[in-house]
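Examining the three-dimensional arrangement
In case you want the letters, here they are:
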Amino acid sequence: MSFVVAQSHFIFGVRTGVRNNLCFFDEQTVVFPSGNSCVCFNTVQRWQRFISGSERSQGMRAMTTSSNRRYLAVSDYGERATVTVFDLQHEQGRKRKVLSAGDMSVQEFICIAFSPDSKYLIGLTGSPEWMLILWLWEKHKLLATLKTTNTNNPVTQVSFNPYNNTQLCVSGTGVFKLFRYSEGALKPSSVAKVESINFLCHTWVSEHRVIAGTDTGRLLVFESGDLRREISMTCVQGQPARQVEVKKIKDANVNEGPSVPSITAILSYSKGFACSRGPGTVFLFEQTDENGYRKTREIKIPLDAYCSGVTLAEYQQIDTICISPAEETLAISTNRGQLYSVSLSSVDMNKEDKLHFEFLSQSFHSSSITGLSICIRKPLVATCSLDRSVRIWNYETKVLELCKEFQEEAYSVALHPTGLFILVGFSDRLRLMNLLIDDIRTFKEFTVRSCRECAFSNGGHMFAAVNGNIIQIYSVTSFDNILNLKGHNGKVCRIEWSLDDSRVVSCGVDGAVYEWNTQSGKRESESVLKSCSYTGVAFSSDCKTILAVGTDLTLKEIQDCQVLREVPADETAHTALAVSHSGRVVFTGTSSGTVRAIKYPLPIQKEWMTYQAHSGPVTKMVITYDDQFLLTVSEDGCLLIWKIIDKEGRGLKSNKHIVHTEEILITKSDLEEKTQHMLEMKMRLEELQMENEYQLRLKDMNYNEKLRELSDNFVQQIESLKTSQQAMKTEMEKQECENQQNSAELIMKHSKELKDLELSYSQKLIVEHEKYQDLQQKHQRMQEDYEKQLKSAEDRKIQAVEELTKMYEAKLQEKAELLAQCQEDTEQKISVFKAIIKQAEEDEERKILEIQTNYEKKMKTEKQTNTNLKGKNSIMAQKFISLQKQIDDRSADINKLKQERQRLLGLIRSLESDIEDLKRQISGHEKTSQDKLNELKQKTEPLQHDISVKKERISQLEEELIQTDKSNAQLKLTVSELKLKLKTRDKEMCKESQKVKDLETHLQRLKSDLHNCVGFIQEPKTLKDNIQMIYARYVQQTERVERTNADDTVQKALRHQCDRQERTVNGLKMRLVKSAEEHEKVYTKIMKENMTLIAEINELRKELHLARTQAKDVRAQLALLKKPKKSQPILEEAAYQEPKQLGVS
């Protein structure tokens, strides 16, 4: 099975936004951009030839043709803009060269132009560079580049002087400059001071004259780059043609005058020039003398016959003006994508006072096409666009059949299979319309708002319309709503009927593809992929599977709610698809505007053929029912007709034989009007015939009378001429006789004169012959004399030459000897010079070596100093970091010690409170003892012998109380001593921390000195000296002395503190034992009180134990935080002594 191919056949539409987007190839063929191609269109035979654009192009920006109309240049914009040159005389528009800006990053060329001899090509880049780039394009050589202006003054046009291929003109906002190519560079030849003028276009009318148009509607004339005058356009249409006023102007008053319509296009031709004058108007000017121009014609774009209401046709801005090679046709392109032409032949120009443009082929869509539909019984295709128009095209005759513009945008269209009706969706209603012979009229409206998709069934008895996320099915015969298909959660993008109209398939942005039964309204199958928003769906040729495309960049084949096959994804997304009725191929449209042909059944790999089609995303595509044509529309406003063929170039054979009908619809009122109009026209025709016959009879009678008069006059003239002829004959005979007699006399005279001349000349010849002989003899004598003289002269010359040769040979020998001596001298001098040079080189090398060694030494010293400085810098940084850390650690230690001090102070206060409680208890005991004594006295009145004993006992108790008072006083003294010891301990801690800091600074210095010594590893002597210095500085003085001093002071302090603590502990123990024995002997109650005191003392011991454990923890933390090992024993002893003192207290 051969693969199916799509071939571009015809396109409706023009691509706007392209500079010079219309030009003539010959008298009958024009070239314009459409879609992603350039189209050669024959206006007489109505055929088109396509020149495909480049695949990587992001769009066209400008085009131009050469002066010999053989080459076409097209500029494409992208990351690296290119200019492609095509050969128009080649059948396929063969690509000749692809030019670029070289190493410069240029994104677009906004204007390009050929030189008059077609050898050079100039390109003007866009903002912000505004560069001119000149190529010798046939050799692919970039000749010169030049920046024309700054970013504030954009340039719009560049052109060659048609009489000089090295001179250029550039115009733009505040820019009008002439450049010349010479000596391999572009050089400015003249710059006009026109900063306040915005030039939109210009044209060369002579070798030194340029006429430019501005945005204020002014025509300014430049001579050799200087502003000379302005052409006023005050000539009114209908007045006799007169010379246009030409006035001298200065640059100071350039901007004066009222604002008028702008001049956007201008073109020169042999008689003068043509320019646009505001929207929809072109003026023709003819040159009357060297400086004068006469306005001859005003040509306007007519009203749009297809529009029933307000139209913008006559308000279109003219972008490009071109003229045919024979200057018989003028064509224009507008900003709304329309092409117009007008005949400039002398017959047509003299026929009417007012001229109007006509469509070059037919009117096109001026905006994105959103709807596309075909029918079965007619070769018609319907489209709707954002330009609010609905158009009916014939894809066989390639003609626009019907067009109608509406007051609002048409969202969707659907043609009835018969081709006689059309559905059009608007924002408020869905309208069913008749396609009449010359109009599209509504005859039924449905309440479906904003219907973006609608479709007739293949039988034509039903149609489906999308109302939001609901699909409504109506009957065409009864106009009733038969079914409402609900299920989509989002907008429905596409619907299609099966061949037997029993099923409808739909897809939407919600990622769902549903297959509906049109009889029951139920879903037969579904496939939901929420990550994909579907844009196109279609049945296969046998209606067994469903094909769908969407935003996931793949083409899926769905059957029984499952994805059967899937064509792999690509960089570009598929936006639409169409399946051939033969089932051999599937066509898809992409977001880049290309069309792909994929074999069916679908391949597993990426196998397809890609065709350059549109310049925007493809919105809709459909295949005709006979599989002969593929129709695609896009956001670029173009309708492209493709011919479907196989690789051998033959059309596809269809199983269905479709007969196209030719009937059309017409209303009865229109028919009656037409018949009435025809009757009136017949009556008028008969009257005109009668009048013409009567006029013919009158003219015959007049002409017969005139013929008679003329015949009589001619007869009289003939008779007069005959008489004059006879008289002339008689005179001729007389003159002949006279001439014969005169000739005989002359002959006799001539013969006599000849004889006399012969005799005289014969005598002269004899005399001359004698003279000749004498001269010949003289010549022989003279020759002999000259020969003798020559021989003698030759002999003399030979002798002179021999003498000269001898003389010069002698001179040569002398010169050779001199040369040899000179050569020897030069060799000696050269050898001496070489020796001098060698010695000088050696001296220089020595000096260089010395300088090099000196500088190397300096470099080494500098490097050493640099390394030392770096080391010092790093050491200082480390010191700074370590000191910062130490400061933080010391601050944390100080805070901890302060907290410990406060805790110890709290313990002391608690002990003082305990002592006061003991005092109160003692005073209470005293009171109780006195009370008891009183009771005993009262009780022991009869027992007086026991009083003395009791008194003694009381005295003992009093002594004991005195002793307890003394012990309490001593305890107060010990508490005060402990407080003093705490203060001294704080002072010692501060001293020790200061010593630790000093030791750390010494250690850091030692580290820095050791780091400096590392730099002298390769120099043993300096290394040894530095180490000895370090040893003498740090080891002998600091360590020994400080260790001994620190050890002695610490040991003395420890011994002193231990002795004092042991003494105080022993004294306290002895006192406690004595007081306990005395209290046991005196009273049992006092013993109980002592027991309670002992319990309290045990609790205090527990607290002391806890305090000791906390002190050990603090000591361990201090040992971990303090790096130097030397300071650890001192801190441990100090921390060990504090808990002991606390325990004693």
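Within the secondary structure layout, N198 lies in the loop between β17 (185-191) and β18 (199-204). Distance in space between the C-alpha atoms of N198 and G213 is 8.6 Å, their sequence separation being 15 residues. Leave out the neighbours within four places in its chain, and N198 touches G172, T173, G174, G213, T214 and D215. At 3.0 Å, the side chain of N198 forms a polar contact with the side chain of T173.

It is worth spelling out a nonpolar patch on the surface at this point. On the surface, a cluster of nonpolar side chains totalling about 330 Å² of accessible area is made up of I437, I664, I666 and L671. Within the element layout of this structure, L671 appears in helix α2 (residues 668-939).

This brings us to the sheet that holds strand β23 (residues 266-268). Overall, mixed pairing links the five strands, which are arranged β23-β24-β25-β26-β30 in an open sheet. Because the sheet does not close on itself, it has two edges, and the strands there are β23 and β30 (355-356). Alignment of strand β26 (residues 293-300) against β30, held across two bridges, turns out to be parallel. What sits directly across from I299, in β30, is L355.

In this structure the tally under the stated criterion is 26 salt bridges. For the salt bridge of E298 with K300, the shortest nitrogen-to-oxygen distance reads 3.8 Å. Overall, E298 belongs to the buried group, its relative accessible area being 18%. On the basis of relative accessibility, which here comes to 38%, the residue K300 falls in the partly exposed class. The salt bridge partner of R684 is E687, with a shortest N-O separation of 3.8 Å.

All right, on to unusual backbone geometry then. Of note, the amide linkage connecting S127 to P128 takes the cis form, showing an omega dihedral of 0°. Looking at where P128 falls in the secondary structure, it is placed in the loop between β11 (120-125) and β12 (131-136). Not every positive phi belongs to a glycine, and D560 is a case in point at roughly 55°. When you line up the elements, D560 lands in the loop between β50 (555-559) and β51 (562-567).

Parameters at a glance
Residues numbered from 1 in each chain as written. Predicted model: local features only at pLDDT ≥ 70, side-chain atom pairs only at ≥ 80, totals over all residues. Heavy atoms only, no water. Helix = DSSP H or I, 4+ residues; strand = E, 2+ residues; numbered from the N terminus. Contact = heavy atoms within 4.5 Å. Polar contact = N/O pair within 3.5 Å; in protein donor to acceptor, adjacent residues only side chain to side chain. Patch = residues over 30% accessible without salt bridge, like charges linked within 9 Å, V, L, I, M, F, W, Y side chains within 5 Å. Areas by Shrake-Rupley, 256 points an atom, 1.4 Å probe, with all protein chains shown as cover. Salt bridge = Lys/Arg side-chain N within 4 Å of Asp/Glu carboxyl O. Pairing = 2+ DSSP bridges. Buried < 20%, exposed > 50% of the residue type's maximum accessible area, 1.4 Å probe, protein only.

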